[in-house]
Amino acid sequence: MTHFKPLLLGLGLLALAGCDSAEQAASNFAEKVEEAAVETARESLGETMKEFDKQVDQLNDKVDQAQEESRQWLQAQPESEQEQPQQDTEKPSEEDMIET
């Protein structure tokens with residue numbers, strides 16, 4: 001039995017060293033998985049932001065187009081139509097005045 005004690009002690013130390021190696025390998029694997037997940041998330045977010053920027057640009061173009069069309073429509077209106085409502089509110093006509 002005394003001959004087996006050093007052998008068992010050696011196997012025990014070898015098993016502990018193997019556990020430490022397995023723990024280190026698992027830790028390295030977890031780090032690599034985390035790095036890959038972060039990189040994937042960055043790429044996905046980058047694509048999402050590019051798509052968002054594209055949609056914002058399209059919206060800005062539509063707003064610019066609507067503003068230009070409104071400006072052209074206002075310029076096409078005869079000046080008398082544009083000024084007429086202002087004249088009516090500034091000066092009441094003689095027919096509207098009632099004398100008592």
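In short, a report on the structure.

Reading the values: the criteria
Residues numbered from 1 in each chain as written. Predicted model: local features only at pLDDT ≥ 70, side-chain atom pairs only at ≥ 80, totals over all residues. Heavy atoms only, no water. Helix = DSSP H or I, 4+ residues; strand = E, 2+ residues; numbered from the N terminus. Buried < 20%, exposed > 50% of the residue type's maximum accessible area, 1.4 Å probe, protein only. Salt bridge = Lys/Arg side-chain N within 4 Å of Asp/Glu carboxyl O. Patch = residues over 30% accessible without salt bridge, like charges linked within 9 Å, V, L, I, M, F, W, Y side chains within 5 Å. Areas by Shrake-Rupley, 256 points an atom, 1.4 Å probe, with all protein chains shown as cover. Lys, Arg positive; Asp, Glu negative; His and termini not counted. Charge placed at Lys NZ, Arg CZ, Asp CG, Glu CD.

Focus: the overall build of the protein chain
Of the regular secondary structure elements, the protein chain holds 2 helices and 0 strands. Every one of the 100 residues in the protein chain was classed for burial, and the buried ones make up 0%.

A word on the pattern of salt bridges
Scanning the entire structure with this criterion turns up 2 salt bridges. Residue Lys50 pairs with Glu47 through a salt bridge whose shortest N-O separation is 3.8 Å. Here the residue Lys50 and the residue Glu47 both occupy positions in helix H1 (residues 4-76), the gap between them amounting to 3 residues, near one helical turn. The closest approach of N and O atoms between Arg71 and Glu68, which form a salt bridge, is 2.8 Å. Taken together, the positions of Arg71 and Glu68, both in helix H1 and 3 residues apart, correspond to about one turn of that helix.

Points about a nonpolar patch on the surface
Together, Leu45, Met49, Phe52 and Val56 make up an exposed nonpolar region whose accessible area comes to about 360 Å². By secondary structure assignment, the location of Phe52 is in helix H1.

Some points on a negative patch on the surface
A cluster of acidic side chains, namely Asp53, Asp57, Asp61 and Asp64, defines a negative patch on the protein surface. Here Asp53 is to be found in helix H1.

Nothing here speaks to function; it is all geometry.
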